[in-house]
Structures are given as C-alpha cells and as structure tokens.
Amino acid sequence: MRLADASVATAAAGSRARAESLLIRAIAIARARRPVPEIRKAFDRALDAAKKQPRRLQAKAHRAYADALAARDQPKDAFAHAQRALTLLQPSL
C-alpha cells in the first residue's frame with residue numbers, strides 16, 4: 001500500500017497512474033479487511049480519479065468495488081457496481 005500511496009502523492013504521476021494507484025490502494029484496503037466505510041471511501045476516491053480514464057479502467061474499478069462489497073455482505077451495492085462494470089465494457093456506437 002505504501003507504493004500506491006507514494007505514486008498518488010508524486011506530482012509527476014499522470015492522471016491514469018494516479019487512478020491506477022488509487023485503485024490498487026482501495027483493493028489493498030479491502031483485502032486487509034478494513035471497516036466497510038473505509039473501503040467505500042477508498043473505492044469512491046479511485047472511481048472519482050478514474051472518471052476521465054478509459055472505460056476499461058473504470059470497469060475494472062467498479063468490478064473490484066463489487067467484489068469488495070460482496071465479500072463484506074453488501075449485496076445490493078455490490079450488484080450495482082457489477083452492473084456498472086458490465087455496462088462500461090459493452091461496445092458503444
């Protein structure tokens with residue numbers, strides 16, 4: 001998690017690197033079995049950073065968020081994030 005934090009804090013890091021780092025940090029927090037509000041806050045930061053990134057990265061973040069919430073018995077919100085991930089992966093015209 002320290003490397004992800006360092007990458008986020010680096011001024012030279014691009015927006016995509018920052019978004020990826022925040023996602024890695026959120027996944028690490030979820031795997032460390034931190035409280036649900038802390039997990040939500042970390043993933044919300046990651047999703048916010050991923051807003052202007054490619055759809056594939058956004059989908060990856062939503063999928064990881066869904067997995068983390070499902071593991072913490074939050075099925076309704078997990079389902080919503082899983083649906084969003086699938087939507088983002090669908091081709092758009």
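Residues numbered from 1 in each chain as written. Predicted model: local features only at pLDDT ≥ 70, side-chain atom pairs only at ≥ 80, totals over all residues. Heavy atoms only, no water.

Engineer: Can you help me understand the overall build of the protein chain in this one?
Structural biologist: Broken down by element type, the protein chain carries five helices and zero strands. N-terminal to C-terminal, the α/β element order of the protein chain is α-α-α-α-α. Out of the 93 residues in the protein chain, the part that is buried amounts to 34%. If you take every contact in the protein chain between residues at least 6 apart in sequence, the share linking residues at least 24 apart comes to 51%. Of the accessible surface of the protein chain, which amounts to about 6,200 Å², a share of 54% is contributed by carbon and sulfur atoms. (Helix = DSSP H or I, 4+ residues; strand = E, 2+ residues; numbered from the N terminus. Buried < 20%, exposed > 50% of the residue type's maximum accessible area, 1.4 Å probe, protein only. Contact = heavy atoms within 4.5 Å. Areas by Shrake-Rupley, 256 points an atom, 1.4 Å probe, with all protein chains shown as cover.)

Engineer: Just to check I follow, could you spell out the packing of aromatic side chains for this structure?
Structural biologist: To describe a pair of aromatic rings, one takes the distance between the centres and the angle between the planes. Evaluation of the coordinates by the stated rule reveals one aromatic pair. Centre to centre, the rings of Phe43 and Tyr65 are 4.8 Å apart; their planes meet at 10°, and the pair counts as stacked. Here Phe43 is found in helix 3 (residues 36–50), whereas its partner Tyr65 is found in helix 4 (residues 55–71), with 22 residues between them in sequence. Accessibility classification places Phe43 together with Tyr65 in one group, the buried group. (Phe/Tyr/Trp six-rings, centres within 6.5 Å; stacked < 30°, edge-to-face > 60°.)

Engineer: When you look at helix 2 (residues 15–31) in this model, what are you seeing that I'm missing?
Structural biologist: The terminal C-alpha atoms of helix 2, which comprises 17 residues, lie 24 Å apart, in line with the 24 Å expected from a rise of 1.5 Å per residue. Taken together, the buried positions of helix 2 are occupied by Ala19, Ser21, Leu22, Leu23, Ala26, Ile29 and Ala30. (Expected span 1.5 Å × (residues − 1).)

Engineer: Teacher, can you tell me more about the pattern of salt bridges here?
Structural biologist: One side chain can pair with another of opposite charge once the charged atoms of both are near each other. By the definition in use, this model includes five salt bridges. As a salt-bridge pair, Lys60 and Glu20 come within 3.6 Å of each other at their nearest N and O atoms. Taken together, the residues Lys60 in helix 4 and Glu20 in helix 2 connect sequence positions 40 residues apart. Overall, Lys60 belongs to the partly exposed group, its relative accessible area being 46%. One salt bridge in this structure joins Asp77 and Arg40, with 2.7 Å as the shortest N-O distance. Taken together, the residues Asp77 in helix 5 (residues 75–89) and Arg40 in helix 3 connect sequence positions 37 residues apart. (Salt bridge = Lys/Arg side-chain N within 4 Å of Asp/Glu carboxyl O.)

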